[in-house]
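# Residue-level structural notes
Residues per chain, in single letters:
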There are 2 protein chains.
Amino acid sequence: MAKDKKMVEAITSMEEDFAQWYTDVVKKAELCDYASVKGCMVIKPAGYAIWENIQNELDRRFKATGVQNVYMPLFIPESLLDKEKDHVEGFAPEVAWVTHGGLEPLQERLCVRPTSETLFCDFYAKDIHSYRDLPRVYNQWCSVVRWEKTTRPFLRSREFLWQEGHTAHATAQEAQERTIQMLNVYADFCEEVLAIPVVKGQKTDKEKFAGAEATYTIEALMHDGKALQSGTSHNFGDGFAKAFEVQYADKDNALKYVHQTSWGVSTRIIGAIIMVHGDDNGLVLPPKIAPVQVIIIPVQQQKEGVLDKAYELKERLSGFRVKVDDTDKSPGWKFSECEMRGIPLRVEIGPKDMANNQAVLVRRDTHEKTVVSLDELENQVSSMLDTIQSDMLKRAKEHQKAHTYSAVSWEEFVEVINSKPGFVKAMWCGSRECEEKIKEETGATSRCMPFEQERLADTCICCKKPAKKMVYWGRAY
Amino acid sequence: MAKDKKMVEAITSMEEDFAQWYTDVVKKAELCDYASVKGCMVIKPAGYAIWENIQNELDRRFKATGVQNVYMPLFIPESLLDKEKDHVEGFAPEVAWVTHGGLEPLQERLCVRPTSETLFCDFYAKDIHSYRDLPRVYNQWCSVVRWEKTTRPFLRSREFLWQEGHTAHATAQEAQERTIQMLNVYADFCEEVLAIPVVKGQKTDKEKFAGAEATYTIEALMHDGKALQSGTSHNFGDGFAKAFEVQYADKDNALKYVHQTSWGVSTRIIGAIIMVHGDDNGLVLPPKIAPVQVIIIPVQQQKEGVLDKAYELKERLSGFRVKVDDTDKSPGWKFSECEMRGIPLRVEIGPKDMANNQAVLVRRDTHEKTVVSLDELENQVSSMLDTIQSDMLKRAKEHQKAHTYSAVSWEEFVEVINSKPGFVKAMWCGSRECEEKIKEETGATSRCMPFEQERLADTCICCKKPAKKMVYWGRAY
């Protein structure tokens, strides 16, 4: 028993130290490990399998909207990065530079892509000729590098995995529609698959992507009340097209600039899964994304017939992602291990259960135990996984609602921000000065101007001038 | 008609200039394009979709043998690369070096991974403790960089996509078994999915991987009689384990070194598909790997009901990867375009066909036309795709057989190598001197010592000393 408890004790409790809890879960659930290069990660099988499920599900949704996958080079020549002024200013300070190829110095140094707008633009400039070539709706799955100073597994690392979609359209309207369409793909994916509710909205000019005309975001609320930007979609207008000369001959034979978008989701979202659903026993995975949905744990497995029965149940549950833990560890150890790993549903089967033609089902999210007849096993497992998925979303929504506040005055705003971790809705005049002052004095940043606007008051909470927008504010990862 | 012919005319014929034919096909079938960084590629949708199918099929086969996917960092610190002597000698001359992160010079320069043995070893050294942790059977899908001097799309590029499996085992025997197991996975995949027959064998010491105890290879023969190394599997013994201190506590509590393997297949194999199956009309794709297996081309599509019929057939063929070409190009143009892209089967449907309740099926590989009743469409398409797949393998096997020669004397060897492009089987004494002399004087390299050995003669064709092995020799990509 002492040994069984050890595994759980190794996790700091959320309340004691949320940051340490996060690191403990990442480590103990074997999602990733630190690499020999500072700020880079080794994504281990349990973590990578989550990413594969995210990829499969997102890729399917992308393709249903006409997306085609491609692969662009890892390297960007410095002169290419330099072409769009805002973009290079935003990214140049945090890129890694390749200066030597083999034993020779390079004539021009190359940066390791921090994002690939410049590469796609360079390609589109050669590849797009007429209106018949539009739209181009390309995406790539790859890794990117940003030389961050402080790093944390999944949340902020010098290299991370992501997808980046890059599209080119004939009209501004079409580009805007694609920008919003992909934001909705992300938001639906988060809710339906990850059981994470998000706030959809537009970033302020201060927070938008370097080179974008408008950036849209989905913002999720973590268990500790901090926000996590979980996906973004950018409308570039024709800014990049002008910098890179991406033109097409329209039906009227006139040369016109294309309108572009880009959009991305990264391994960061694994951090969101951990921090939205996890608890003091470790990871809690929504069934739809869990690499293992059901774990069968034989009790008294040395007794005759128990292991065989476990394998038989596995066969019967082959419609799910199912595993038998037939290692020689104690059942207690196995229980806490599969809790740590966040496996949604545990099936316990021992001699007593066999005698009664039953099994014990234990939900990871609520620890609730149900004894079910083996005749009903497939149905029970199926409906219980559905219930876990929908209950997890319900709880996450309730948590978000309970931690979303509003403030109409400066005093109220400061008090809420300092005492109640969560989103704070407040009116804003639209000036960068107020945004910067709010950040400086409270540590809160504008998360987004939500699509669902409310008129909480007439004046900006900061300068008391007429308000233009309601903004979600919060401290963020 | 002139316009229709243009597309085909744009390809150089194989006989005229095979290298130019290859480049033309890559370009005209829109598989990939050159990037702004010399020697790097942009893999376009038609090329990337082939890679996705290769990935899906290989990944499924890997996982069936217990492989787990992970992700290792892009960068390797110089000191880590330096740890295994042979390995660093083999790779250091052709790596790209990162020397700056953001605005600061790095304390230690980092190379962009040319392969990840050192990263996996570094990780395994920390992650493996006891015999319970073995075997580790990990794989990653990623891109790697090798600063090649001369480059060609897919065949040799400075960055390419691949998978690299890295395993650690308790015993030498288990490592050897895994090495051969994965070589067999590759060989079976090539034959069953890509319709490419391969010769399986072991590389000579001169040709083996830097740091390996033994390297095994699958060698395929291209249409022009040159060989292409299509996949390799390496047994490292405990060499890397000793250099990186990868040890485990065995059941008897003694500390032992693990035995390791690695194995990889890259986008290079797309070059093999092109050069084994292609013809003067362009690409020819085996049905099992073709992103589009069936293309439906409406004839006289402006006539009432034709387009609707085409869409109806598409619905009926939804069990296949099927597309309708409903663009406003002429049917002739569409025909040569789908030939260029290598789509295995074309279905033509026009008013006359509709009146007769029939469609015309045209095989890409043989250009054979068959009129089939629409009542039989699904069955006919299904069996014709099967036939195409097996016929393509049969032809490739015949081509390989017809271009595999043997030689028992130096004179015969030189004559065959110079007059008959293909594999030449010949006896070898096992010395590096002879191997080097053969390469110098004929341009042929040892492709492998095949598993299926024959005793063609008693003496080495080069030095006439007693022969140890029969070797496949050939000029290679």
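Residues numbered from 1 in each chain as written. Chains lettered and ligands numbered in written order. Predicted model: local features only at pLDDT ≥ 70, side-chain atom pairs only at ≥ 80, totals over all residues. Heavy atoms only, no water.

This part takes up the overall build of chain A. Each helix and strand counted, chain A has 15 helices and 23 strands in total. Expected size for 477 residues packed as a compact globule is a radius of gyration near 23 Å; at 25 Å, chain A falls within 12% of this value. Viewed in the frame of its principal axes, chain A has a C-alpha envelope of about 80 × 60 × 50 Å. The buried share of chain A, taken over its 477 residues, is 60%. In chain A, of all internal contacts separated by at least 6 residues, the share reaching a separation of at least 24 is 68%. Accessible surface computed for chain A: about 19200 Å², of which carbon and sulfur atoms make up 47%. Both charge centroids of chain A, one from 63 positive and one from 72 negative side chains, sit 1 Å from each other. (Helix = DSSP H or I, 4+ residues; strand = E, 2+ residues; numbered from the N terminus. Rg over C-alpha atoms; globule rule 2.2 N^0.38 Å. Buried < 20%, exposed > 50% of the residue type's maximum accessible area, 1.4 Å probe, protein only. Contact = heavy atoms within 4.5 Å. Areas by Shrake-Rupley, 256 points an atom, 1.4 Å probe, with all protein chains shown as cover. Lys, Arg positive; Asp, Glu negative; His and termini not counted. Charge placed at Lys NZ, Arg CZ, Asp CG, Glu CD.)

Bringing the pairing of strand β21 (residues 423–428) of chain B into the picture now. When a strand is regular, its side chains alternate between the sheet's two faces. Residues and elements named next belong to chain B. For β21, a buried count of 6 out of 6 residues is recorded, marking the element as mostly surrounded by other parts of the structure. Residues Phe-423, Lys-425 and Met-427 point to one face of β21 and Val-424, Ala-426 and Trp-428 to the other, with burial holding for every one of them. Bridge analysis of strand β20 (residues 404–406) against β21 gives 3 bridges, and the strand direction is parallel. Paired with Ser-406 across the strands is Lys-425, a residue of β21. Crossover handedness for the path β20 to helix α14 (residues 410–419) to β21: right-handed. (Pairing = 2+ DSSP bridges. Right-handed = clockwise from strand over helix to strand, strands pointing away.)

Ranked by size, the top nonpolar core spans 82 residues in total, and within it Phe-75 and Val-112 of chain A together with Phe-75 and Val-112 of chain B carry the most contacts. Here Phe-75 of chain A is in contact with Val-98, Leu-110, Cys-111, Val-112 and Leu-119 of chain A together with Val-37, Cys-40, Ala-96, Val-112, Val-145 and Trp-147 of chain B, once residues within four sequence places are set aside. (Core = buried A, V, L, I, M, F, W, Y, C linked by side-chain atoms within 4.5 Å.)

Here the focus is the side chain of Thr-215 of chain A. All names here are of chain A. In this structure, Thr-215 sits in strand β10 (residues 214–221). Here the side chain of Thr-215 touches His-234 through a polar contact of 2.8 Å, side chain to side chain. With sequence-adjacent residues up to four places away left out, Thr-215 is seen in contact with Gly-201, Gln-202, Lys-203, Lys-208, Phe-209, Thr-232, Ser-233 and His-234. (Polar contact = N/O pair within 3.5 Å; in protein donor to acceptor, adjacent residues only side chain to side chain.)

With that out of the way, let us pick up the state of the cysteines. Enumeration over the complete set of coordinates arrives at 0 disulfides over all chains. Cysteine Cys-32 of chain B shares no disulfide, and the gap to the nearest cysteine sulfur, in Cys-40 of chain B, comes to 11 Å. (Disulfide = S-S within 2.5 Å.)

Quick look at the interface of chain B and chain A now. Counting residues at the interface gives 53 residues for chain B, matched by 53 residues for chain A. Applying the counting criterion to the chain B and chain A interface returns 6 salt bridges. For the salt bridge of Asp-328 of chain B with Arg-132 of chain A, the shortest nitrogen-to-oxygen distance reads 3.0 Å. The interface formed by chain B and chain A contains 27 residue pairs in polar contact (both at pLDDT 80 or more). Tallying contributions element by element places strand β5 (residues 96–101) of chain B first for the side of chain B that touches chain A, with 6 residues. Partitioned by chemical class, the residues of the side of chain B that touches chain A number 33 nonpolar, 8 polar and 12 charged. Examined bridge by bridge, strand β5 (residues 96–101) of chain A and β5 of chain B share 5 bridges and lie antiparallel to one another. (Salt bridge = Lys/Arg side-chain N within 4 Å of Asp/Glu carboxyl O. Nonpolar A, V, L, I, M, F, W, Y, C, P; charged D, E, K, R; others polar.)

Here the focus is unusual backbone geometry. Of note, the bond from Leu-134 of chain A into Pro-135 of chain A is cis; its omega dihedral lies within 30 degrees of zero at -5°. By the element assignment, Pro-135 of chain A lies in the loop between α6 (117–127) and β7 (136–145). Unusually for a residue other than glycine, Ala-195 of chain B sits at a positive phi of about 60°. As for its position among the elements, Ala-195 of chain B is in the loop between α7 (172–192) and β9 (199–202). Take Ala-195 of chain B: its relative accessible area is 0%, and that puts it in the buried class.

Turning our attention to the packing of aromatic side chains. Following the criterion strictly, the structure yields 37 aromatic pairs over all chains and no others. Note on Phe-62 of chain A and Trp-141 of chain A: the rings are 6.2 Å apart at their centroids and 25° apart in plane angle, and the pair reads as stacked. One end of the pair, Phe-62 of chain A, is in helix α3 (residues 45–64); the other, Trp-141 of chain A, is in strand β7, with 79 residues separating them in the sequence. Among the residues examined, Phe-62 of chain A registers a relative accessible area of 0% and is labelled buried. Its relative accessible area of 12% is what places Trp-141 of chain A among the buried residues. A ring pair is formed by Phe-240 of chain A and Phe-244 of chain A, whose centres lie 6.3 Å apart and whose planes are at 25°; its orientation type is stacked. Placement of both Phe-240 of chain A and Phe-244 of chain A in helix α8 (residues 239–244) is noted, with a separation of 4 residues, approximately one turn of the helix. By the burial criterion, Phe-240 of chain A is buried, and Phe-244 of chain A matches it. Its end group placed over the ring of Trp-97 of chain B, Arg-109 of chain B keeps NZ or CZ at 3.9 Å from the ring centre. (Phe/Tyr/Trp six-rings, centres within 6.5 Å; stacked < 30°, edge-to-face > 60°. Lys NZ or Arg CZ within 6 Å of the ring centre and 35° of its normal.)

Okay, the side chain of Ser-233 of chain B next. Residue and element names in this part refer to chain B. One can find Ser-233 in strand β11 (residues 227–237). Taking the relative accessible area as the measure of exposure, Ser-233 reaches 0% and is therefore buried. Within the structure, the side chain of Ser-233 is placed 2.7 Å from the backbone oxygen of Thr-179, a separation counted as a polar contact.

Residues and elements named next belong to chain A. Scanning the entire structure with this criterion turns up 11 cavities of 30 Å³ or more. In this structure, the largest cavity spans a volume of roughly 100 Å³. Taken together, 14 residues make up the lining of the largest cavity; nearest its centre are Cys-32, Asp-33, Tyr-34, Arg-152 and Pro-153. Among the secondary structure elements, those contributing two or more residues to the lining of the largest cavity are α2 (18–28) and β1 (32–34). (1 Å grid on protein atoms, 1.4 Å probe; cavity = no way out; pocket = protein on both sides within 12 Å on 5 of 7 lines; lining within 4 Å. Points joined across faces, edges and corners; volume = space filled by probe spheres on them.)

Turning to the relation of the copies chain B and chain A, a few remarks are in order. Here chain B sits on chain A after a turn of 180° about the axis and a move of 0.0 Å along it, with an RMSD of 0.0 Å. Such a combination of turn and shift is consistent with a two-fold rotation axis. Proximity to the rotation axis, assessed at the C-alpha, singles out Val-98 of chain B in chain B; its C-alpha lies 2.1 Å from the axis. Same-surface contact between copies: 100% of interface residues of chain B are shared with the interface of chain A. (Least-squares fit on C-alpha atoms with pLDDT ≥ 70 in both.)

Residue and element names in this part refer to chain A. With 5 of 6 residues buried, strand β23 (residues 469–474) is to be regarded as a mostly interior element. Of the strand pairs in this sheet, strand β21 (residues 423–428) and β23 are connected by 5 bridges, and their pairing is antiparallel. Looking at the pairing, Met-427 lines up with Met-470 of β23.

Turning our attention to the environment of Val-88 of chain A. All names here are of chain A. Considering the arrangement of structural elements, one finds Val-88 in helix α5 (residues 85–91). Placed 75 residues apart in sequence, Val-88 and Gln-163 show a C-alpha to C-alpha distance of 21 Å. Those residues in contact with Val-88, other than ones at most four positions away along the chain, are Leu-81, Asp-82 and Pro-93.

Three or four residues apart is the spacing at which side chains of an α-helix point the same way, because the helix has 3.6 residues per turn. All names here are of chain A. Along helix α14 (residues 410–419), the residues that are buried comprise Trp-410, Phe-413, Val-416 and Ile-417. Taken down its axis, α14 places every buried residue within 135° of arc, on the same side. Across from the buried face of α14, at angles greater than 90 degrees, the exposed residues are Glu-411, Glu-415 and Asn-418. Buried residues along α14 sit against β20 (404–406), β21, α15 (432–442) and β23. (Arc of directions from axis to C-beta.)

So, on to the sheet that holds strand β14 (residues 259–266) of chain A. All names here are of chain A. Read from one edge to the other, the open sheet built from 11 strands follows the order β3-β7-β8-β14-β11-β10-β9-β22-β23-β21-β20, with strand pairing classed as mixed. Each edge of the open sheet carries a strand with a single partner, namely β3 (68–69) and β20. Pairing geometry for strand β8 (residues 159–169) and β14, over 8 bridges, is antiparallel. Counterpart to Gln-163 in the pairing with β14 is Val-265.

Residue and element names in this part refer to chain B. Along the chain, Ser-130 falls in the loop between α6 (117–127) and β7 (136–145). The sequence separation of Ser-130 and Gln-68 amounts to 62 residues, and the corresponding C-alpha distance is 19 Å. If sequence neighbours within four positions are ignored, Ser-130 has contacts with Tyr-248 and Ala-249.

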